[in-house]
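Spelled out, the chains give:
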Amino acid sequence: MKKIGKQTLQLDNKPSILNTAAIVGPKELDGPLAKYFDKCVEDEFWGESSWEKAESKFIKETINTVLGKANISSTDVDYVFAGDLLNQCISSCFGLRDSNIPFFGLFGACSTFVEGLCLGSVFMDSGACNHILCATSSHFCSAEKQFRFPLELGNQRTPTSQWTVTGSGAVILGKNNVGPYITHITPGKIVDLGIKDANNMGAAMAPAALSTLCTHFEDTGRTPDYYDAIITGDLGHLGKDILIDIAKNKGYDIAKNYNDCGVLIFDKKKQDTHSGGSGCACIATVFSGYLYKLMTENKIKKLLLIATGALTNSTTAQQGESIPGIAHAISIEM
Amino acid sequence: MNPTDTSKEYGEYVKKKAPNSPILKDCFNAFWVGGLICSIGQLIFFYCKFKGLDQTASSTVVSICLILISVILTSLNIFNKIGKFAGAGSLIPITGFANSIVSPSIEYKSEGYVMGVGAKMFTVAGPVLVYGISASVIIGIIACLFI
Amino acid sequence: MFNCFIVGGVLCVIGQILIDKTKLTPARILVLYVTVGAILGGIGIYQKLIDFAGCGATVPLTGFGANLAKGALEAVKEQGLLGAFIGGVKASAGGIAAAVFFGYLASLIAKPKIKKQ
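Given the structure is predicted, the values throughout are model-derived calculations rather than measurements. (Residues numbered from 1 in each chain as written. Chains lettered and ligands numbered in written order. Predicted model: local features only at pLDDT ≥ 70, side-chain atom pairs only at ≥ 80, totals over all residues. Heavy atoms only, no water.)

### Points about the interface of chain C and chain A
- Contact with chain C, which involves 11 residues of that partner, is made by 17 residues of chain A.
- Taking both sides of the interface into account, the surface hidden between chain C and chain A amounts to around 1300 Å²; carbon and sulfur atoms contribute 57%.
- For the pair chain C and chain A, the number of links is zero salt bridges.
- Put simply, chain C and chain A have one residue pair in polar contact (both at pLDDT 80 or more) between them.
- Split by residue class, the side of chain C that touches chain A holds three nonpolar, three polar and five charged. (Contact = heavy atoms within 4.5 Å. Buried area = accessible area lost by both parts, 1.4 Å probe. Salt bridge = Lys/Arg side-chain N within 4 Å of Asp/Glu carboxyl O. Polar contact = N/O pair within 3.5 Å; in protein donor to acceptor, adjacent residues only side chain to side chain. Nonpolar A, V, L, I, M, F, W, Y, C, P; charged D, E, K, R; others polar.)

### Things to note about the packing of helix H2 (residues 23-50) of chain B against helix H4 (residues 79-86) of chain B
All names here are of chain B.
- Close contact between H2 and H4 brings their axes to 8 Å; oriented N to C, the two are set at 125 degrees. Put simply, H2 runs oblique to H4. Here Asp 26, Asn 29, Ala 30, Trp 32 and Val 33 of H2 come into contact with H4, specifically with Ile 82, Phe 85 and Ala 86.
- Of the residues assigned to the contact of H2 with H4, the class counts are six nonpolar, one polar and one charged. (Axes fitted to C-alpha atoms, helices over the stretch in contact; angles between N-to-C directions. Helix = DSSP H or I, 4+ residues; strand = E, 2+ residues; numbered from the N terminus. Parallel < 35°, antiparallel > 145°, perpendicular 65-115°, else oblique.)

### Some details on the domain arrangement of chain A
Residue and element names in this part refer to chain A.
- Taken domain by domain, chain A consists of domain 1 (2-174) and domain 2 (181-333).
- For domain 1 and domain 2, the distance between their C-alpha centres works out to 17 Å.
- Domain 1 puts 63 residues into the contact, and the matching count from domain 2 is 63 residues.
- Both sides together, the interface formed by domain 1 and domain 2 hides about 5000 Å², and carbon and sulfur atoms give 64% of it.
- A per-residue breakdown of the area domain 1 buries against domain 2 is headed by Gln 7, Cys 110 and Gln 162, which together make up 15% of the total.
- Our count for the domain 1 to domain 2 interface comes out at one salt bridge.
- The shortest N-O distance in the salt bridge between Lys 6 and Glu 218 comes to 4.0 Å. (Domains from an automatic or database assignment.)

### What about the pattern of salt bridges?
- This model, assessed by the stated rule, comprises 13 salt bridges over all chains.
- In this structure, the salt-bridge partner of Lys 57 of chain A is Glu 48 of chain A, at a minimum N-O distance of 3.9 Å.
- The salt bridge involving Glu 333 of chain A is made with Arg 222 of chain A; its shortest N-O contact spans 3.2 Å. Taken together, the residues Glu 333 of chain A in strand E15 (residues 325-333) and Arg 222 of chain A in the loop between helix H6 (201-220) and strand E11 (229-232) connect sequence positions 111 residues apart. A single burial state applies to Glu 333 of chain A and to Arg 222 of chain A, both of which are buried.
- Residues joined in a network through salt bridges with shared partners are Glu 52 and Lys 145 of chain A together with Glu 111 of chain B. (Buried < 20%, exposed > 50% of the residue type's maximum accessible area, 1.4 Å probe, protein only.)

### Here we look at the interface of chain B and chain C
- Across the contact, 66 residues belong to chain B and 65 residues belong to chain C.
- The contact between chain B and chain C buries some 5300 Å² in all, and 81% of this surface belongs to carbon and sulfur atoms.
- At the junction of chain B with chain C, the criterion picks out zero salt bridges.
- For the side of chain B that touches chain C, the elements supplying multiple residues, two or more each, are H2, helix H3 (55-75), H4, helix H5 (88-91), helix H6 (94-107), helix H7 (113-120) and helix H8 (125-146) of chain B.
- The dominant element in the side of chain B that touches chain C, judged by the number of residues it contributes, is H2 of chain B, at 17 residues.
- The residue inventory of the side of chain B that touches chain C, partitioned by class, reads 44 nonpolar, 18 polar and four charged.

### With respect to the side chain of His 131 of chain A
- Inspection of the secondary structure puts His 131 of chain A in the loop between helix H4 (112-125) and strand E7 (132-138).
- Within the structure, His 131 of chain A has its side chain in polar contact with the backbone oxygen of Asp 76 of chain A (distance 3.1 Å).

### Topic: the pairing of E7 of chain A
All names here are of chain A.
- Taking burial as the measure, the seven residues of E7 include seven buried ones, the bulk of the element.
- Burial along E7 is two-sided: Ile 132, Cys 134, Thr 136 and Ser 138 and Leu 133, Ala 135 and Ser 137, pointing in opposite directions, are all buried.
- Pairing of strand E5 (residues 79-84) with E7, which is carried by six bridges, proceeds in the parallel orientation. The residue bridging Val 80 from the neighbouring strand is Leu 133, located in E7. (Pairing = 2+ DSSP bridges.)

### Observations concerning the layout of surface pockets
- Roughly 360 Å³ of internal volume is contained in the second largest pocket.
- Surrounding the second largest pocket, 21 residues form its lining, Ser 59 and Thr 60 of chain B together with Thr 58, Gly 63 and Asn 67 of chain C being those nearest its centre.
- Among the elements of the structure, H3 of chain B together with helix H3 (45-53), helix H5 (61-79) and helix H6 (81-109) of chain C are those that each provide at least two residues to the lining of the second largest pocket.
- At six residues, the largest contribution of residues to the lining of the second largest pocket is made by H3 of chain B.
- Partitioned by chemical class, the residues of the lining of the second largest pocket number eight nonpolar, 12 polar and one charged. (1 Å grid on protein atoms, 1.4 Å probe; cavity = no way out; pocket = protein on both sides within 12 Å on 5 of 7 lines; lining within 4 Å. Points joined across faces, edges and corners; volume = space filled by probe spheres on them.)

### What to know about the nonpolar core
- The biggest cluster of nonpolar side chains holds 50 residues, and the ones touching the most others in it are Phe 287, Leu 303 and Leu 305 of chain A.
- At 11 residues, the largest contribution of residues to this core is made by helix H10 (residues 280-296) of chain A.
- When we break this core down by domain, the ones giving at least three residues each are domain 1 (2-174) and domain 2 (181-333) of chain A.
- Contacts of Leu 305 of chain A, omitting those with residues within four sequence positions, involve Val 114, Ile 231, Ile 283, Phe 287, Leu 291, His 328, Ala 329, Ile 330 and Ile 332 of chain A.
- In this structure, Val 33, Ile 106, Val 117 and Leu 129 of chain B belong to the second largest nonpolar core, which totals 45 residues. (Core = buried A, V, L, I, M, F, W, Y, C linked by side-chain atoms within 4.5 Å.)

### Brief notes about the confidence of the model for chain C
- Taken over all residues, the pLDDT of chain C has a mean of 92, while the share at 70 or more is 97%.
- Taken over the whole predicted complex, pTM reads 0.93, whereas the ipTM for its chain interfaces reads 0.92. (pLDDT = per-residue confidence, 0-100.)

### Some remarks on the packing of aromatic side chains
All names here are of chain A.
- The tally for this structure, following the rule as stated, stands at 19 aromatic pairs over all chains.
- Look at Phe 104 and Phe 123: their rings are 5.6 Å apart centre to centre, the planes differ by 70 degrees, and that puts the pair in the edge-to-face class. Linking Phe 104 in strand E6 (residues 103-106) with Phe 123 in helix H4, this pair joins segments that are 19 residues apart in sequence.
- Residue classification places Phe 104 among the partly exposed positions, given a relative accessible area of 34%. (Phe/Tyr/Trp six-rings, centres within 6.5 Å; stacked < 30°, edge-to-face > 60°.)

Quick look at the structure:
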């Protein structure tokens, strides 16, 4: 492993992604990617008594699913990196409390999934680990309750607002000599261009995505054409358009092979999700369900995955703070 | 010009780029739903007067009836759909005030009946009472001093 | 009845414009309405609107504010300074108690549910 350029780590042992799993909720079941997920749950409570318990169940069941698919016992997992949006990462903590796997709880807002993959692949690259598990979850109802309004409140969502994805995605990293491999990681810097509208996360996070994107290209010497697909976390429709615009200004034309998980997961017109999906589970489920399958089928051979997060909470928002963004990138190749 | 150079330029760029709310459609829906809710109130008012109640009592009955309707619709998960359609049309009438009390009380039931339902009930409506009651006290004091 | 519909509708449209143009949250809009209503009620303008539109003026939250102010003013006439503290809440007690009580009842029965849209 060596550091190249300003921020990028090049991994020599190239951990491979052994398997993935994604479980989603009812709204995602109606979306265009429904057939790619391992399981779609019809009831957003999933038989539990609260949204928070349901979210913990999502992450727990997703981890069980990925371990089952990879045929690995939980005792063979060295470490797990997990996170979510709820205060003190309680969904991950409660979802994993019975797992008996050494646990790192992460918070990077909606960028947590790739943050986990970055750290997990460094652990793998050290040569000391055999299996690393990375997982994140989010739940529309628990997120609304914590960050916005009660579900029954008769308010209108603004056109730039995004819909938190209900679900969980999990990835297991191993030493196999089968792709896809994680080859480079580019952890991002916190970027804040002063957006204060909590209903416009896409605009708040796009500059962070731009910073990480440009740094990744500069550090690796690659161009957008090198990748079959560049996929961002959850910028949504508006954030996607903004990123294409501002990347062009910096001399990178990404319009051809670029898309966003928040755009992919919902049908904007049919499902009335305004600017698209968001949440820790957005990129986690789209990658684990959809993109990973495209990679194993060789439809995507080189993928740049950039997860974006809005580093805010309801207290700072009420205190009039702006919303800093962050973005982490990993390069995954067959 | 590069919009990501300064936060001022970026803010302006985002403002231009962001889609606007469909304000004409929103206003039309708010108008007729709001008007309709008030008209339902007026019908109840006429009925109370017909039954021989005075002006003040009739107004109170109207409020209680509309609040009850709003509470029932909120409990049946219908009010949020009306609210999404009508926006201020269902928010501004007393129905919106009732909805703002009921919705957190249902939502925070999982945190128990005292600190969940009892405390969170006023997350939206609390400020309304604080400012409404304070304004009335100030007006009363001013009236007392100067009139 | 016609006046009621129009005035009620117009008050809601003003709220809608505030929502769409200023991105004020529902709580702020309601606070604004109740305060403006109390002030207009206090200086006697709102009563004219009530005479003209009936429930078109009393049902929107400005009416709730005006009612608070009216109650305070009337009580001041009878009880002096004490009335300033008693009158407002007394006049609006029906609505407040109904919202709290029905809200509590609803929480016993209803279950939170996702917005399908």
